[in-house]
Amino acid sequence: MKKGYWFIILSAFLFSTMEIVLKMVSTEFNPIQINFLRFFIGSILLLPLAIKSLKNRKLSLSKDDVKFFLITGFVCVVVSMNFYQLSILYCKASLVAILFSCNPVFVVTFAFFLLGEKLYKHTVASMILSIIGMMCILNPFNMTISLLGIIFIIVSSVTFALYSVICNKRCMKFGGIVINCFTFLFGSLEMLILILITKLSFVANFFSTRGLKEFANIPIFHGITLSNLPMLAYISLFVTGLGYTFYTLAMEETSATTASIVFFIKPALAPILALMILKEAIEINTVIGILFIIIGSIISFTATSRMAKLEITEVEVNNE
């Protein structure tokens, strides 16, 4: 159990630095390029662990599994994380970190409609508090934040929540490391195909003439220098590779509910790190919004933990 909490701390710290490092390299790399590189390199790091996990479970990937990972790779890497990367160009790193951490609100919604999961009072209360927190941060009555950036964050959060719900049942079969590894690998390969398509002259001209240079002739390795290589290594190996590995190991050592503490820590820690490293000011409305989100998360966490303990107790009583 103690080992599990160390995994939680490590993954929370790495995830809290993600937006900051991506912001720091946003002017040196094409946003689609950095997204491809970090998930491809991250998947290669996870691959030995994923293969080991498959052997331990005596499993192999079927054609149906490959189709599944093509879908999850597209939803998570191609759609969600590309919009996430684009949002960092238009918004402060701390804002992206806070709002993306609200994706459990959308997870609950998708789980209700797609999986038929029950909506409990504490879940609804948590959702309402999180939404109030988001509204406080966005401050719609005096909005100075890029509307396009906000749209990108929302699309990213919604599609990441959809990815989480899609993976729900398969996660029991494969485990988190296998799910993340092959989602990242297939998603990055899909991105590579799209990147190669953007190099076709008529495609590049189409995007360039419409002011969408980010999608025209996307580079793969161009722009990597000795000065930005450490940042690329950090975001690929540590944040994407080790961050998701630690988070998955935290779930295995504790529980999915306990491991979700990571997303309670991130909204509070990320703005502090952004202030220290990027000198991004923390507004009063942002602090109030963070408090609402954290309170909502604590309500959800404590109630879910209590329910999980009751279920375990009931099972033990029935077994006796």
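Residues numbered from 1 in each chain as written. Predicted model: local features only at pLDDT ≥ 70, side-chain atom pairs only at ≥ 80, totals over all residues. Heavy atoms only, no water.

Novice: Tell me about the overall build of the chain, and name the residues and values.
Specialist: When helices and strands are counted, the chain shows 14 helices and 0 strands. Seen in sequence order, the chain has helices and strands lined up from the N terminus as α-α-α-α-α-α-α-α-α-α-α-α-α-α. In terms of overall size, the chain behaves like a compact globule, its C-alpha atoms giving a radius of gyration of 20 Å where 320 residues would be expected to give roughly 20 Å. With respect to the three principal axes, the spread of C-alpha positions in the chain is 70 × 55 × 35 Å. (Helix = DSSP H or I, 4+ residues; strand = E, 2+ residues; numbered from the N terminus. Rg over C-alpha atoms; globule rule 2.2 N^0.38 Å.)

Novice: Tell me about a nonpolar patch on the surface, and name the residues and values.
Specialist: Judged by side-chain polarity, Met 24, Ile 272, Leu 275, Met 276, Ile 277, Ile 282, Val 287, Leu 291, Ile 295 and Ile 299 come together as a nonpolar surface patch covering roughly 820 Å² of accessible area. Contributions of two or more residues to the nonpolar patch are made by helix H13 (262-278) and helix H14 (284-319). The residue Ile 295 is located in helix H14 in this model. (Patch = residues over 30% accessible without salt bridge, like charges linked within 9 Å, V, L, I, M, F, W, Y side chains within 5 Å. Areas by Shrake-Rupley, 256 points an atom, 1.4 Å probe, with all protein chains shown as cover. Salt bridge = Lys/Arg side-chain N within 4 Å of Asp/Glu carboxyl O.)

Novice: Give a detailed account of the side chain of Ser 87, specifying residues and quantitative values.
Specialist: With respect to the secondary-structure elements, Ser 87 resides in helix H3 (residues 63-90). With a relative accessible area of 0%, Ser 87 lands in the buried category. Dropping the residues within four chain positions of it, Ser 87 is found in contact with Val 96, Gly 149, Phe 152 and Ile 153. (Buried < 20%, exposed > 50% of the residue type's maximum accessible area, 1.4 Å probe, protein only. Contact = heavy atoms within 4.5 Å.)

Novice: Can you break down the packing of aromatic side chains residue by residue, with the values?
Specialist: Taken as a whole and judged by the stated rule, the model has 19 aromatic pairs. Where Phe 69 meets Phe 174, the ring centres are 5.8 Å apart and the plane angle is 50 degrees; that geometry is what we call tilted. Of this pair, Phe 69 sits in helix H3 while Phe 174 is found in helix H8 (residues 168-174), placing the two residues 105 residues apart along the sequence. Judged by its relative accessible area of 0%, Phe 69 falls in the buried class. Taking 5.4 Å as the distance between ring centres and 80 degrees as the angle between the ring planes, the aromatic pair formed by Phe 206 and Phe 207 counts as edge-to-face. Residue class for Phe 206 comes out partly exposed when judged on its relative accessible area of 40%. Taking the relative accessible area as the measure of exposure, Phe 207 reaches 22% and is therefore partly exposed. In textbook terms, an aromatic cluster arises when at least three aromatic residues are bridged by ring pairs, as seen for Phe 15, Phe 39, Phe 184, Tyr 244 and Tyr 247. One cation-aromatic arrangement involves Arg 170 over Phe 68; the distance from NZ or CZ to the ring centre is 4.4 Å. (Phe/Tyr/Trp six-rings, centres within 6.5 Å; stacked < 30°, edge-to-face > 60°. Lys NZ or Arg CZ within 6 Å of the ring centre and 35° of its normal.)

Novice: Account for the pattern of salt bridges, with residues named and values stated.
Specialist: Summed over all chains, the structure comprises 4 salt bridges. Residue Glu 19 is joined to Lys 266 by a salt bridge in which the shortest nitrogen-to-oxygen separation is 2.7 Å. In this pair, Glu 19 is assigned in helix H1 (residues 2-24) and Lys 266 in helix H13, connecting sequence segments 247 residues apart. A relative accessible area of 1% means that Glu 19 is categorised as buried. Given a relative accessible area of 2%, Lys 266 falls into the buried group. Here Asp 64 makes a salt bridge to Arg 170, at a shortest N to O gap of 2.9 Å. With a gap of 106 residues between them, Asp 64 in helix H3 and Arg 170 in helix H8 connect regions that are remote in the sequence. Using a relative accessible area of 46% as the deciding quantity, one classes Asp 64 as partly exposed. Bridged by salt links that share partners, the residues Asp 64, Asp 65, Arg 170 and Lys 173 form one connected network.

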